[in-house]
Amino acid sequence: MSVLNDRTIWSLIEDGMIDFTKSDTTAEEVKAQVNPNTLDLTLGRFVRIPQESRAAITFGKPYEADSFWTLHDITETGILLHPGDVFLGSSREYVVMPKNVCGQVYTKSSLGRVFINHMMAGVIDAGFAGTITLEFKNEGKHDVILPFGARVVQLQFSLLSDVPEHDYSMRVSRYQGQKLPEPARPERK
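No experiment lies behind these values; they were computed from the predicted model shown.

A. Local environment of the confidence of the model for the chain. Counting all residues, the mean pLDDT for the chain is 89, and 94% of those residues have values of 70 or more. Within the chain, the element-level pLDDT minimum falls on strand β10 (residues 123-124), averaging 90, and the maximum on strand β2 (residues 39-42), averaging 98.

B. Quick look at the side chain of E93. One can find E93 in the loop between β6 (86-90) and β7 (95-96). Despite being buried, E93 has no salt bridge partner; R92 is the closest side chain of opposite charge, sitting 5.2 Å away. One polar contact links E93 to Q33, side chain to side chain, over a distance of 3.1 Å. Setting aside anything within four residues of it in sequence, one finds E93 in contact with I18, S23, T25, V30, Q33, D40, L41, T42, G130, T131 and I132.

C. Just the environment of S67, in detail. Residue position: S67 is located in the loop between β3 (46-50) and β4 (69-73). For the pair S67 and S53, spaced 14 residues apart in sequence, the C-alpha separation works out to 7.9 Å.

D. Examining the pairing of strand β12 (residues 133-138) more closely. Within β12, five of the six residues are buried, leaving the element largely enclosed by the surrounding structure. For β6 and β12, the ladder comprises five bridges, and the chain directions are antiparallel. The residue of β12 that forms the bridge with V86 is K137. In this sheet, β12 lies alongside strand β9 (residues 116-118) in antiparallel orientation, the contact comprising three bridges. Note on β12: the bridge partner recorded for H118 is F136.

Thresholds, definitions, all that
Residues numbered from 1 in each chain as written. Predicted model: local features only at pLDDT ≥ 70, side-chain atom pairs only at ≥ 80, totals over all residues. Heavy atoms only, no water. pLDDT = per-residue confidence, 0-100. Helix = DSSP H or I, 4+ residues; strand = E, 2+ residues; numbered from the N terminus. Buried < 20%, exposed > 50% of the residue type's maximum accessible area, 1.4 Å probe, protein only. Lys, Arg positive; Asp, Glu negative; His and termini not counted. Salt bridge = Lys/Arg side-chain N within 4 Å of Asp/Glu carboxyl O. Polar contact = N/O pair within 3.5 Å; in protein donor to acceptor, adjacent residues only side chain to side chain. Contact = heavy atoms within 4.5 Å. Pairing = 2+ DSSP bridges.

Written out as structure tokens, the structure reads:
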């Protein structure tokens, strides 16, 4: 595998890797987000905040997500994170991964320097289409506000050695086509 550079990333964007009809951003904005070997992704308008609950989620099994998460629109104020707070966000960009490219999500270093951590559930499979759900936690000692549209993570792309036999779009997937920050969904067989 090889990491893709800025020219290749922009070429993929021009070929439809970002679906601007489903994104909350423009081609001009995204072009400014291309780095030498990554693409910055920005925080979308909706976040899910965990609710207090004594009930347990059994990982991989069905559960009532609305009992554990509330959906909030943050376009006016951003999201305030106190030390220890967590939330699910999503990218403004609707990504359509080529069938021969995968991605890895990393926290922006400037966000890490205020101790906001992206929880690293960040592999984007070849053939995936949707916004990217982002899992954040304030690991620091200060309150931090993340505004709508802030560059919060960067996506690094790698070229696969060949097109996979079954890319993400061909699998029984839990998250294909997502537009909101999605909590964990049960396994599908």
